[in-house]
Amino acid sequence: MPATQHSKKPWALIMAAGRGVRLSAATGGTYKQLLLWRGRPLYWHSALAMSRSAALDGLIFVFPPECLVEEEQRLRKLHKNDDMGLPWIVAAGGERRQDSVRCGLEALPPGTRHVLIHDAARPFVGPALARSVRDGLDRHDAVVPGLPITDTVKTVENSMIRATLPREHLVAVQTPQGFEAGLLRKAHARALECGLTATDDAALMEAAGHDVLVVPGDPNNVKITRAEDLALLADDAKPRPCVGMGYDVHRYGNGRPFILGGVRIPGAPEVVAHSDGDALLHALMDALLGCAGLGDIGQHFPDSDARFENISSAVLLSEVLTLIRRAGIRPTHVDMNIVAQKPRISPWREEIRNNVARLLNLPAGCVNLKAGTEEGLGFTGRGEGIKAGAIVCAFAETSRHPDWENPDREEA
Ligand code: MG
C-alpha cells in the first residue's frame, strides 16, 4: 500500500435513515434521528462528535429518501453556522438498516480505504472512541467498540428460559464500527445474495469469515431507543444563568426635571434628554436587553422617533420587560451604581431602590443601589452630568437559547 494512500483517513457514514416505530408515540411521529436536542437534530450532534475526533476525511449522511432534500437543505444551514470543517454529502437510504449502509458505501469517494459507520441516534459519542476504532483499523479489517454485559443474559422461547449464556464472553457492541471499505462492500453484496439480514455491519463481516477486533466501548455512548431514553435529552429544560450590563450618561442643562429610577428629585439639576432622561432606568434597560441578547435601547426606542419624546422611562421599561419575557428571560438580581457630584443621592436611595424593585416585580432584597461621587474629577466632578451603571442576573429558558431556538436561521 503506498504511504500516501495509507495515510488517508476514513470517511464516516452517519446512519440517519431509520423509520423506527418504537419511539414514534413518544416523539409524535418524528423519526428519532431528526429529534431536536439543543436546537439541532440528533444526527448533527452525532456527526459533530465524530468530526471532532480529527480522524476523518469526510462524512456521508444517509437519510430516508423522503427526507433527503429537506435534510440536505438543513445541513447546509447548520454548516453555515457551525462548520465541521469536513467535506460532506448526503445519500438516500433503503428499506432496512443494512440496505441504507449499502447505499452509503456506494456514495464513498473512489479510493476510500476505511469507513466508520455510526448510528445517528448515538449523539453522546466521544471523539476518543472514534479515534480508538480508527486506530484499530491500522491492524485489523474490522473494529467494533464493545462493553461487557453486567446483566445475566438468557435465551427464552415461549416465555420459558432455554439457556443461560456465559456472561464472560458477552459484549454489547456499539457504533462507530470501522471497516476496510472494500471488504465491507463485498460482505454486504454477499449478504444481499444470500438473503442474510443483520442488525450491525460487524455481523456481515463475521458471516463473510473476517475477524472483528473489539475495542473498549464507552458507557456514555447510549443509543436513543426507548421513550425513557428521551430523558437523556432533557437538559434543554434546565434554565441557563445569564447576565447583562448597562451604562448611561446624561448631561445637565435646560431640559427635563431630574428623575432617577422613576423617582422625581426636587431641587436637582435639569437633564438634557429626548426621553425623560432617567439615566438609571436607561442603564437598567440596557442590562435587561443584554441578558436576552437583544441589543440596546437605542435600537428599540431611537431618539429620532417622536413617539419617545419626553416618554416616561418606566413605560419603556415595561416594554423591555415584555420583550425579555418573550425571550424566556427571568431577572433574579439587579445591582446598580450612580456617579454624581450633585444631587446627593443617599437621601433618596431607599425610595429609588424600592421603586425599581416594584417596576421589576422583584423583592427589594434582590435590588441594590450604590451611589458615589468621583471626588470632583471629570464631568461628574464638575457637576456637568450623571453616570449610571447596572448589572442584571437572570435565568434564561434554555429551550429559547438564541442559538438553540432557531438552528435554521440564515447568517446575517
Ligand atoms: Mg439615556
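Parameters at a glance
- Residues numbered from 1 in each chain as written.
- Predicted model: local features only at pLDDT ≥ 70, side-chain atom pairs only at ≥ 80, totals over all residues.
- Heavy atoms only, no water.
- Core = buried A, V, L, I, M, F, W, Y, C linked by side-chain atoms within 4.5 Å.
- Buried < 20%, exposed > 50% of the residue type's maximum accessible area, 1.4 Å probe, protein only.
- Helix = DSSP H or I, 4+ residues; strand = E, 2+ residues; numbered from the N terminus.
- Contact = heavy atoms within 4.5 Å.
- Salt bridge = Lys/Arg side-chain N within 4 Å of Asp/Glu carboxyl O.
- Pairing = 2+ DSSP bridges.
- Phe/Tyr/Trp six-rings, centres within 6.5 Å; stacked < 30°, edge-to-face > 60°.

Chemist: Outline the nonpolar core, listing residues and values.
Modeler: Looking at soluble globular proteins, one finds that nonpolar side chains tend to be buried together. Counting residues in each nonpolar core, the largest one holds 48 residues, and the members touching the most others are Leu-260, Leu-284, Leu-288, Leu-317, Ile-352 and Leu-360. Listing elements by their share of this core, those giving two or more residues are β13 (240-256), α9 (279-292), α11 (313-326), β17 (329-339), α12 (349-360), β18 (367-372) and β19 (385-396). Residue contributions to this core peak at 11 residues, all from α9. Apart from residues lying up to four places away in sequence, Leu-360 is in contact with Leu-284, Leu-288, Leu-317, Leu-321 and Val-334.

Chemist: How would you explain the pattern of salt bridges if you had to name every residue and give the values?
Modeler: Across all of its chains, the model carries 19 salt bridges by this definition. With a closest N to O distance of 2.8 Å, Arg-97 and Asp-119 form a salt bridge. Of the two residues, Arg-97 sits in helix α5 (residues 97-106) while Asp-119 sits in strand β6 (residues 114-119), which places them 22 residues apart along the sequence. You can call Asp-119 buried: its relative accessible area is 8%. With a shortest N-O distance of 3.0 Å, Asp-201 and Arg-97 are connected by a salt bridge. Residue Asp-201 is located in helix α8 (residues 201-207), and its partner Arg-97 is located in helix α5; the two are separated by 104 residues in the primary sequence.

Chemist: Describe the sheet that holds β17, with residues and values.
Modeler: Strand order in the open sheet formed by five strands is β16-β13-β19-β17-β18, with mixed pairing between adjacent strands. The open sheet is flanked by β16 (271-272) and β18, the only strands paired with a single partner. In this sheet, β19 lies alongside β17 in antiparallel orientation, the contact comprising 10 bridges. Considered in β19, the bridge of Val-334 is made with Val-392.

Chemist: Outline the packing of aromatic side chains, supporting the account with residue identities and numerical values.
Modeler: Two measures describe an aromatic ring pair: the distance that separates the ring centres and the angle between the ring planes. For the coordinates displayed, the defined rule picks out seven aromatic pairs. Aromatic side chains Tyr-43 and Phe-63 sit 4.8 Å apart centroid to centroid with 70 degrees between the ring planes, which places their arrangement in the edge-to-face category. Note that Tyr-43 is positioned in helix α3 (residues 42-51) and Phe-63 in strand β4 (residues 58-63), a separation of 20 residues in sequence. Judged on exposure class, the residue Tyr-43 and its partner Phe-63 are both buried. Taken together, Tyr-43, Phe-61, Phe-63 and Trp-88 form an aromatic cluster joined through their ring pairs.

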